[in-house]
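# Commentary on secondary and tertiary structure
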Amino acid sequence: MTSNAAADRVRIEHKGTALIATFCNPPLNVIDQPLRQGLDDLCAEAERLLAEGVIDRIVLTGSGKAFVAGADVREFDAPPLAPHLPEVLTRLAALPAIAAINGTALGGGFEIALACRIRIAAPSVTMGLPEAILGVLPGAGGTQRLPRLIGITKAVPLISTGRAVAAREALDLGMIDGLDDAPLAAALALAGTDLARPAIDDLPAPTPAPEAAEAARRVARKRMPGQIAPLRAIDLVEASAFAPVPDMLPKERASFLELRKGAQARALRRVFFAERAAARPAALRSETPAPLETALVVGGGTMGRGIAYALSNAGMTVTLLEQTAAAAEAARAGLQDLFAQAVARGKVTPDEAAQRLSKGFAFLHGSAPLPPVDIAIEAIVEDLPAKQALFRQLSETLPERTILATNTSYLDPDQIAADLHRPERFLGLHFFAPAHIMSLLEIVRAARTSPATLATGFALARRLGKVAVEAGICEGFIGNRILTRYRGAADRLLLEGALPWEIDAAMTGFGMAMGPYQTQDLSGLDIAHANRNRHGEVRRSHPDYVAIADRLVEELGRLGRKSKGGWYDYTEGRAVPSDDVRHLIEACSSEAGVVRREISADMIRERLLEAMIAEARAILDEGIARRPEDIDLVMIHGYGFPRWRGGPMALAEERARAASPEAPCAALPGHATV
């Protein structure tokens, strides 16, 4: 890059005895090579002017809405380019610098602020060191300077979890020195004596806090299981108590560089970009979403109540329709329970909950007149004729502008919408249970769904705070189709010699949130059994059919946790291996003429992952999913696939990369920050 590019990134001006540097790399002022060079050039100019007695301070601030929002992650797949941020910030730390934090200061941006003597922030600012979220750790002094500033006990949970904080909390923690609506003006108004304080690098080492570090490790192992970066960051923060900053910076930098080129960081970067691309699909950016302020939810069961509650949380007014007065009252009681849980968690006050329930909801039943809502979402029983009849009624009763959505998990939306007036306003919104908690929303495009309707679905997902993925029509869409293949492969392993608890242990060891049989017991074996029975004898006559799951329900009446027995026995809520299940599995193997054998955990993982990857590739080839990253988002956000492994498609790419390490990485789009 040219020196002109560096000067454009860090614009310098004199004002009195201050040298003001403004970061200019819109929209987020991310740290790239020209910005690092500009900051290094600033330090050189400041050193000269200080020696001449022309200035007494350097003030750093940002243009637009950001101070510096972090590093440009697009550089992470290329060799590091000089000047390197740790060396530049060591130079900055020796100068009387003030950070006038006008906007977001994350990752390397907050490390720039930490290298300054004083930090003044606008009240609206968010700041922190989120590197662990992307599989790396602060690489320019964050693990050493923050503990010296606020102590290890406060610093270690922030760094190991990557949690960002608002300005008021940052002030309370000691991360900044003051709040001001005009931080630049406040920095210029400081007395010269305020700049006499020592640099953070010259402060005494923080007091060791082994209990805080161990608590952070426990949190990391629970919330970010399998991830390397959080634990490595904790080690570095702990070490800050025993060595000076100059000695630790090379060690921090080496860890950062090692992690950033690793598989976990690549996977997490991929997910980072995929989530942002999925929120606003390129093909829909020219479409104007319809305004959504009022909603009708048809069906007040567990799913319907969760959808209604989520819509209410997004500020929408909700009408819930049930078949009978008793069912409508049950739905009201269920929503009251959801609000009570929110009150218990401190999400809302009792008064807010009562007001929202009384003013934000209406409960109807039977053939009561329907209000002219902006969107109607169906969440009734999985029965095709029932859904078809309902949508005919909604199509005839509601305004033509009303978006009509089905929450079906397996039925064909095109068949549901076969008789609709204006079918272009119809789409699938496949929520995952519990709908107010699960972050995934599959947006299903029917044959006649218009782009504007799809855009409205994505706008609703953003408003609900959900990760949305577009899916075409097939049995199970994206997620449940892969789940069916995954479960089928697991059942085949049962027939060949594995046991449910061995399979679950293998997959949780891989990083899955739960194993396939733990998950089935939690959701209820009768639900999957009913879905399988929709295919009747056609499915049971298939050569790959495994009868174990059906016989578990039909012969033993085991329905999962709710019946105190499913794939496991449950004693006081604790799952234990079941002899009855073991005997049934062994009998099925014998009847099928299969000689059981020992199957290792590695073989279990390989078979199940290959099944997921194969089905994912088929889904992509058929155009059911637009992008491989969309499949990964579905599996991560809906099915507990470990985020740090990137999803089944990312895993397949990582395996191909390992087989051909000279293969180039896929380009990363847009700006990302750390």
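Residues numbered from 1 in each chain as written. Predicted model: local features only at pLDDT ≥ 70, side-chain atom pairs only at ≥ 80, totals over all residues. Heavy atoms only, no water.

A few words now on the sheet that holds strand 4 (residues 66-68). A sheet is described by the order of its strands in space; here four strands give the open sequence 4-6-8-9, paired in mixed fashion. The open sheet has two edge strands with one neighbour each: strand 4 and strand 9 (164-166). Along the sheet, successive strands turn relative to each other by an average axial angle of 25°, direction set aside. Summarising the sheet, strand 4 and strand 6 (residues 104-106) pair through two bridges and their orientation is parallel. When the bridges of strand 6 are listed, A66 appears paired with T104. (Pairing = 2+ DSSP bridges. Helix = DSSP H or I, 4+ residues; strand = E, 2+ residues; numbered from the N terminus. Axes fitted to C-alpha atoms, helices over the stretch in contact; angles between N-to-C directions.)

Where helix 26 (residues 601-621) contacts helix 28 (residues 648-659), the axes come no closer than 9 Å and their chain directions differ by 105°. On the basis of their axis angle, the class for helix 26 and helix 28 is roughly perpendicular. Of the residues in helix 28, those in contact with E606, L609, E610, I613, A616, R617 and L620 of helix 26 are P648, M649, L651, A652 and R655. Of the residues assigned to the contact of helix 26 with helix 28, the class counts are eight nonpolar, no polar and four charged. (Parallel < 35°, antiparallel > 145°, perpendicular 65-115°, else oblique. Contact = heavy atoms within 4.5 Å. Nonpolar A, V, L, I, M, F, W, Y, C, P; charged D, E, K, R; others polar.)

Centre-to-centre distance and the angle between the planes together describe a pair of aromatic rings. Here the structure, examined in full by the defined rule, presents 11 aromatic pairs. Residues F76 and F256 carry aromatic rings whose centres are separated by 5.7 Å and whose planes lie at 85° to one another, so their mutual orientation is edge-to-face. Here the residue F76 occupies a position in the loop between strand 4 and helix 3 (85-93), and F256 occupies one in helix 11 (residues 245-260), the gap between them amounting to 180 residues. Like F256, F76 is buried. (Phe/Tyr/Trp six-rings, centres within 6.5 Å; stacked < 30°, edge-to-face > 60°. Buried < 20%, exposed > 50% of the residue type's maximum accessible area, 1.4 Å probe, protein only.)

Here the focus is the confidence of the model for the chain. When pLDDT is averaged across the chain, the result is 93; 96% of the residues are at 70 or more. Throughout residues 664-672 the model reports pLDDT below 50, and contacts reaching past four residues in sequence, or to other chains, amount to 23 contacts. (pLDDT = per-residue confidence, 0-100.)

We now examine the side chain of T143. Position of T143 relative to the elements: it lies in helix 5 (residues 142-150). Judged by relative accessible area, T143 falls into the buried class, the value being 0%. A polar atom in the side chain of T143 sits 2.6 Å from the side chain of E252. (Polar contact = N/O pair within 3.5 Å; in protein donor to acceptor, adjacent residues only side chain to side chain.)

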